[in-house]
Amino acid sequence: SPSGVAVGPDGTVYVADTGNDRIQRFTAAGAFLGAWGVEGAAPGQFMYPHGVAVGPDGAVYVADTGNQRVQVFGAAYAETWRAEYFANRWLIGAPVLIRQDAAIDFAWGSGSPGSGVPVDSFSARWTRYVGLAQGRYRFSVVVDDGVRLWVDDTLLIDQWAEQVASFDAEVNLTAGYHRIVLEYCEISRNSEVHLNWTCLTAPLTIENIRESADPIYVQGCPGPTQVTIRADVWGESPLEFVRLSYDLAGGSWSSVFMTREAGTERTFGVTIGPFSQAYTLTYTVIAKDTKGNQAQSPIGSVTVRECSTPTATRSHTPTSTPTSSRTPTSTPTSSHTPTRTATSSRTPTVTWTPTRTPTLTPTLSGTPTRPPPTRTLTPTPTRSKQYVSLPAIVKLWLNCDPYGPNNQPASAHGPLVAGEGYADYLCAEDPEDWFYFVISSLERIVVDLVVPANADYDVYLYRDPEVLFPYGSKTGDGLAEHIEYQPHQIGAYQVRVTRAAGAHYSATEPYLLTVNYR
């Protein structure tokens, strides 16, 4: 049960976790950084801490209520040792010298450590609270003569004798501050003592970041227009997520989850792109495990370039073999202009705009007397029980494609234009589609989904990594979905259109998605 909170000058948030007798630390974004303290009355231990404050120098003040005291933890305290020197070999009586030592790394030889300390037959005690990440640590001591080492009141090394020797001890530590105490005695002749430690296993690491291509090219260019970014992630605990955060050309950042690649234990990857303009794409990989440990890779970059060579222009000369071309727009338009030939066959030309890329070679027979009129369809979003109907020849073109390019968060289609309708299909093998858009103000976001009369679809709004607003309470075929959300952050948002398992779908009639934002 927390009872106090304070924010340091670097943005670190400190929480007095009273019921657990500890202080927890978080980033300004809420990521867990560690904790220190257990129940007790020794330095660094707490009994119902009820308040916490941070000074301008970063020193942390804890109201240790149950022990009727205030404990102070700060940068200077954390990085130096409290050293107490005694004029005997048994650490008894009052110390003859108290000072702060930067490190335990001394070779006094036949000399004295300092004023009032004899050259032989003396002892010393060093105490320090050290902030460590979770992992397994090896503590190493080189000594002439006796030594004892405690970590969190656990005696790891106990070699109190006349000797010249080195000792190692290993221990698993949680993330947070740990109390380290080293005791030393000099019996005769030379005096020397050294202490160091190393982390044998980091709890979570990200390594070997690589890109499938660099540079890549803007959409429509020859050459690669997408990049797959991979990373190797090591962790002692199960992973909660691995995701890629990358900047959009407008200066805001988007985030997509990375998935474990088939046949690997630790390689995660995601494909992003294509992009509509040239710029330098920067990114970072972030991982978190179920114990709250986090890791983040250094910033990487991929260059997105304009076409290096002119893009070929497709032209069409009527022949006896039909051809087709597609021009992306947001309003589907089909035109059909038969041309009479000596063999009485017609060659239609079809222009269509959705996100699929099928091929069709229709051959129509007959002897028309005049060209049929051109049909144009402009779907209009509505919240009533309606759906969009398409010309039959277009439906043949757009039977549901189970490998559609926007069926994963990493390949979301966008950015969506505010107020425009986007038609797409769902089917048994392709049960969801993803889109994204970028807002530059905090005005309300409105999402409308027009559902085919014989289908039952849902819509979700995301601000990675959590769902902001699920679909409404409507269930049943042909019922439109509607979301209104008041955003609290500008940047990229994602929309997912999906059908629940076992729900009806239509592979011949599209849904229509419209998002309004600013």
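Higher on the page you've got the structure.
Residues numbered from 1 in each chain as written. Predicted model: local features only at pLDDT ≥ 70, side-chain atom pairs only at ≥ 80, totals over all residues. Heavy atoms only, no water.

Draft legend 1. Summary view of the state of the cysteines. Scanning all chains against the criterion turns up one disulfide. Across a sulfur-sulfur distance of 1.8 Å, Cys221 and Cys307 are joined as a disulfide pair. In this structure the cystine formed by Cys221 and Cys307 twists about its S-S bond by roughly -95°; its chirality is therefore left-handed. With Cys221 in the loop between strand 19 (216-217) and strand 20 (227-235) and Cys307 in the loop between strand 27 (300-305) and strand 28 (333-334), this pair connects stretches of sequence that are 86 residues apart. (Disulfide = S-S within 2.5 Å. Helix = DSSP H or I, 4+ residues; strand = E, 2+ residues; numbered from the N terminus.)

Draft legend 2. Spotlight on the nonpolar core. If you look at the biggest cluster of nonpolar residues, it comprises 31 residues, and the most contacted ones within it are Leu244, Tyr246, Ile272, Phe275 and Leu281. Elements with a contribution of two residues or more to this core: strand 18 (204-211), strand 19, strand 20, strand 21 (239-247), strand 24 (267-272), strand 25 (279-289) and strand 27. In terms of residue count, strand 25 provides more of this core than any other element does, five residues in total. Core analysis: the second largest hydrophobic core is formed by 30 residues, Phe139, Val143, Val147 and Leu195 among them. (Core = buried A, V, L, I, M, F, W, Y, C linked by side-chain atoms within 4.5 Å. Buried < 20%, exposed > 50% of the residue type's maximum accessible area, 1.4 Å probe, protein only.)

Draft legend 3. Quick look at a nonpolar patch on the surface. Where nonpolar side chains cluster on the molecular surface, the patch consists of Tyr61, Val70 and Val72 and spans about 270 Å² of accessible area. Structurally, the position occupied by Val72 is in strand 7 (residues 69-73). What makes Val72 partly exposed here is its relative accessible area of 41%. (Patch = residues over 30% accessible without salt bridge, like charges linked within 9 Å, V, L, I, M, F, W, Y side chains within 5 Å. Areas by Shrake-Rupley, 256 points an atom, 1.4 Å probe, with all protein chains shown as cover. Salt bridge = Lys/Arg side-chain N within 4 Å of Asp/Glu carboxyl O.)

Draft legend 4. Up close: the packing of aromatic side chains. All chains considered together, the criterion is met by 21 aromatic pairs. Aromatic pair Trp36 and Phe73: ring centres 5.3 Å apart, planes at 65°, arrangement edge-to-face. Here Trp36, found in strand 4 (residues 32-36), pairs with Phe73, found in strand 7; they are 37 residues apart in sequence, far enough to count as distant. Residue Trp36 is classed as buried on the basis of its relative accessible area, which comes to 3%. Given a relative accessible area of 6%, Phe73 falls into the buried group. Taking the centre distance of 6.2 Å and the plane angle of 40° together, the rings of Tyr460 and Tyr462 count as tilted. (Phe/Tyr/Trp six-rings, centres within 6.5 Å; stacked < 30°, edge-to-face > 60°.)

Remember that the coordinates give geometry; whether it matters functionally is a separate question.
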